[in-house]
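Tertiary structure, described
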Amino acid sequence: MSGMRVDVKVVMLGKESVGKTSLVERYVHHRFLVGPYQNTIGAAFVAKQIQVGEKCITLGIWDTAGSERYEAMSRMYYRGARAAVVCYDLTDKRSFERASFWVKELKTNEELCQIYLCGTKKDLIANDRHLRQIDYHDAQDFAEEIGAQHFETSSKTGNNIDELFQKIGEDYMSSEMELMPAEEPGVDLNQKKNSYFYSCCLSN
Amino acid sequence: MSRRTERRGIHVDQSDLLCKKGCGYYGNAAWQGLCSKCWREEYQQVRQKQIQDDWALAEKLQREEEAAYASIQGAQSQSHSAAATSQQPQAHASLTPFSKFEEKKTNEKTRKVTTVKKFFSPSSRTAAKKESQEGKTPSPSIGRDAGFDTDQVSKDFMDFLKNLQKPGRDIHKQCRAFLISLSNKKHDLGADELSECVQDFYQNLADRLIGHFKVSSESVEQVMDQVEKYIMTRLYKSVFCPETTDDEKKDLATQNRIRALHWVTIQMLCVSFDEEIPEVSENVVKAITDIIEMDSKRVPRDKLGCITRCSKHIFSAIRITKKEPASADDFLPALIYIVLKANPPRLQSNIQYITRFCIPSRLMTGEDGYYFTNLCCAAAFIEKLDAQSLNLSPEEFERYMSGQASSRFSSSNGDVTDSASGSDAMPSNPVLVQLNRNLDMLSDLSTRQEALNEAAAKLQADLLSWTENVKREVNDILERYPLQVPSRTVSAIDTNNIENNLPPPLTPEVFAG
């Protein structure tokens, strides 16, 4: 049933260099780039089609600038988002504090937005346990408290990343089902012509 | 408007107050500096012409639309002939009051004009007039907003709808009805209410297509794109930066703000551009051009297209500089920098216009929506920009803002210490570097030119003296060796001949006859 086009706005939030872009890059292109500029890989906007059950939905993933100087503007980015991936660095306590700031913002401003708390750089602590600064259970408790999902991911190995975005898609579909009952498929106006030139990745 | 604000200055020259035509009376800024009498004369002329032009255009548009509509009708005439008859008289009615203008015009126009005249034959006029009161003459106000490209847009729209058959006719009817109802009440509505009207219309039409005609959501999107294009091209002039809002004031404020921030550098914003690389500066220029071009578009979607193109150029510039694809952390500061450099015309108005009249789904999802959000952020950042957001101390920021400190080399700066330090230090702005390089080159050229001139003058003198010298030498030589023609000596052979062997010369013989 590809006739229905569904767009879900997913916004990435998190402090600079927690690896928001790497996460997206890994998810969309299945690669991890190493180099001196690790915090700058990937593009800022990507659209990715995923299959949830029988439906095909498009995740429009919005990367945001994490610097504190743009903090006042972050509300513009997450307006209307159905999912927010709030990232923190498992090895950086400050980034977790910042993450809770965004969580608070989202809770007050965007009720419809489902929050996904995401600890990044899991591969670093797999090598050296002492690097971990945020306890798994602390984060888990925090997530439960705010009604969020919690994930720990590694963009280097790809651990847990597909699961994260798949979960976003599933949650979206189930919330949509609650909102409105299944509708009949529409009739294509241009059936005689080839009308599918609106691909999901190019909506300009 | 800008003229008025300029005039608000404290020092007003007496001559500024007088009528520009020089009639001696006082002028008024509201009358473009003319006195009331001159203004009325001027205005009347311009207005008359404007009205005539508008009518010719409105008429042409109307005809084309009706023709296109009729051709749809012709295809399935059986059921919808009623709709056609109800539409056509309306069209005639709207044109009636202007038939005089049309008649005044010289008949250099061919067939078209004559057919229009036929419409206004006396018999039809009375009936049409009556209807015009009922119909509230809808099309003039629509036609007045028409620009040169409106004809093309409505023609495209008709062509598009033709393919849709039954829903197409419905869409056409809905759009016309909407434009008419809006043109009747647009003077009473504020910008937000207008926006609401348009958004409601989009929503209702989309719902109707899905609910009533069972159109798939993809096709609906296509249709809505066309509808947006058609409607917004028509409405643009009356709803862009309307007088009921303070958009214009905000535009000016932003413009002045950006001018005041001329000193902000790439380094302060942490932008990863290396403008020394030609490809990068090329992309920067393209990005600036695109963002400025936004103001010239009418349809929200086209404006978004400009923003997206601008963003793509920024991405390429970052990618070339860093040799890596860019992320949002690079992109937003770069966009801010581009906006500061470009100072796009009517930035706030454009943002407001897009927010108010764009199809909402496009702003919430998709690439265009993403870049538009970034532009809004950039505008908001510039508005609120302070010392902290540039990593400067408040004192430094103040000095920059007041013009005491300058991040760029400027020879015209009155401040002694600054100009001194400025000339010592290597100017950071690449344009100024280029400027200095060019100046050096020019002064070098001028010294060389002087040398050349001198050499040329010397050559000329040399040439003159050379001929003199040659002449003198020749004369000298002539004097020294005067020409001696030796006295003629008769050779031995000749003497012999004369004395001995030669016969005496012939003498004419005279024959006595």
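Residues numbered from 1 in each chain as written. Chains lettered and ligands numbered in written order. Predicted model: local features only at pLDDT ≥ 70, side-chain atom pairs only at ≥ 80, totals over all residues. Heavy atoms only, no water.

A word on the overall build of chain B
A tally of helices and strands in chain B yields 24 helices and zero strands. Burial statistics for chain B: of 513 residues in total, 42% are counted as buried. Here the contacts in chain B between residues at least 6 apart in sequence split such that 70% fall between residues at least 24 apart. Approximately 29800 Å² of chain B is accessible, and the part contributed by carbon and sulfur atoms is 54%. (Helix = DSSP H or I, 4+ residues; strand = E, 2+ residues; numbered from the N terminus. Buried < 20%, exposed > 50% of the residue type's maximum accessible area, 1.4 Å probe, protein only. Contact = heavy atoms within 4.5 Å. Areas by Shrake-Rupley, 256 points an atom, 1.4 Å probe, with all protein chains shown as cover.)

A word on a nonpolar patch on the surface
On the surface, a cluster of nonpolar side chains totalling about 390 Å² of accessible area is made up of L435, L439, L442 and L445 of chain B. Among the structural elements, L435 of chain B can be located in helix α23 (residues 430-480). (Patch = residues over 30% accessible without salt bridge, like charges linked within 9 Å, V, L, I, M, F, W, Y side chains within 5 Å. Salt bridge = Lys/Arg side-chain N within 4 Å of Asp/Glu carboxyl O.)

What about the packing of helix α10 (residues 166-185) of chain B against helix α12 (residues 217-239) of chain B?
Pairs of packed helices are described in terms of their axes, by the angle between the two and the distance that separates them. Residue and element names in this part refer to chain B. Their axes nearest at 11 Å, the elements α10 and α12 cross at an angle of 30°. Between α10 and α12, the crossing angle belongs to the class labelled roughly parallel. The way α10 lies across α12 gives a crossing that is right-handed. Residues I171, C175, R176, F178, L179 and L182 of α10 lie in contact with α12, whose contacting residues are V223, V227, Y230, I231, R234 and L235. Split by residue class, the contact of α10 with α12 holds ten nonpolar, no polar and two charged. (Axes fitted to C-alpha atoms, helices over the stretch in contact; angles between N-to-C directions. Parallel < 35°, antiparallel > 145°, perpendicular 65-115°, else oblique. Left-handed = near helix turned anticlockwise from the far one by under 90°. Nonpolar A, V, L, I, M, F, W, Y, C, P; charged D, E, K, R; others polar.)

Looking at a negative patch on the surface
Residue and element names in this part refer to chain A. Together, D135, D138, D141, E144 and E145 make up a negatively charged patch on the protein surface. Structurally, D138 can be placed in helix α5 (residues 136-146). The exposure class of D138 is partly exposed, given its relative accessible area of 47%. (Lys, Arg positive; Asp, Glu negative; His and termini not counted. Charge placed at Lys NZ, Arg CZ, Asp CG, Glu CD.)

Considerations on the pattern of salt bridges
In the structure shown here, the tally under the stated rule is 24 salt bridges over all chains. The closest approach of N and O atoms between K121 of chain A and D89 of chain A, which form a salt bridge, is 3.1 Å. Taken together, the residues K121 of chain A in the loop between β5 (114-120) and α4 (122-127) and D89 of chain A in strand β4 (residues 83-89) connect sequence positions 32 residues apart. Residue classification places K121 of chain A among the partly exposed residues on the basis of a relative accessible area of 25%. The residue D192 of chain B makes a salt bridge to R356 of chain B at a minimum N-O spacing of 3.9 Å. In this pair, D192 of chain B sits in helix α11 (residues 191-212) while R356 of chain B sits in helix α18 (residues 347-357), placing the two residues 164 residues apart along the sequence. Residue R356 of chain B is classed as buried on the basis of its relative accessible area, which comes to 8%.

Some remarks on helix α1 (residues 20-29) of chain A
Residues and elements named next belong to chain A. Among the ten residues that make up α1, nine are buried, leaving the element largely enclosed by the rest of the structure. Listed as buried for α1 are K20, T21, S22, L23, V24, E25, R26, Y27 and V28. Positive backbone phi, approximately 55°, marks H30, located one or two places after α1.

Re the nonpolar core
Here is a general trend for soluble globular proteins: nonpolar side chains tend to be buried in one another's company. Residue and element names in this part refer to chain B. Judged by nonpolar contacts, the single largest core of 89 residues is most densely connected at F273 and I314. Those residues in contact with F273 that sit more than four places away from it in its chain are I266, V280, V284, I314, A317, I318, T321, A334, Y337 and I338. Counting residues in hydrophobic clusters, the runner-up holds 35 residues, among them L182, C197, L209 and L235. (Core = buried A, V, L, I, M, F, W, Y, C linked by side-chain atoms within 4.5 Å.)

A word on the packing of aromatic side chains
Between two aromatic rings, the relevant description is the distance of the centres plus the angle of the planes. A full pass over the atoms with the stated rule returns 21 aromatic pairs over all chains. Each ring, one from F273 of chain B and one from Y337 of chain B, has its centre 6.1 Å from the other, and the planes form 70°; the classification is edge-to-face. Of this pair, F273 of chain B sits in the loop between α14 (266-269) and α15 (278-293) while Y337 of chain B sits in helix α17 (residues 328-342); the two residues are 64 residues apart in sequence, bridging distant segments of the chain. Of the two residues examined, F273 of chain B and Y337 of chain B, each falls in the buried class. Within the aromatic cluster, the residues linked to one another by ring pairs are F45, W62 and Y77 of chain A together with F315, F331, Y370 and Y371 of chain B. A cation sits over an aromatic face here: K9 of chain A above W62 of chain A, 3.8 Å from the ring centre. Just above the ring of Y27 of chain A sits the side chain of K48 of chain A; from NZ or CZ to the centre is 5.2 Å. (Phe/Tyr/Trp six-rings, centres within 6.5 Å; stacked < 30°, edge-to-face > 60°. Lys NZ or Arg CZ within 6 Å of the ring centre and 35° of its normal.)

Structural notes on the UniProt feature "coiled-coil region" (unreviewed entry) in chain B
In the numbering adopted here, UniProt assigns the feature "coiled-coil region" (unreviewed entry) to residues 442-469 of chain B. Summarising residues 442-469 of chain B: 100% helix, 0% strand, and an end-to-end C-alpha distance of 40 Å. (UniProt positions renumbered as here; feature names shortened; annotations may be inferred.)

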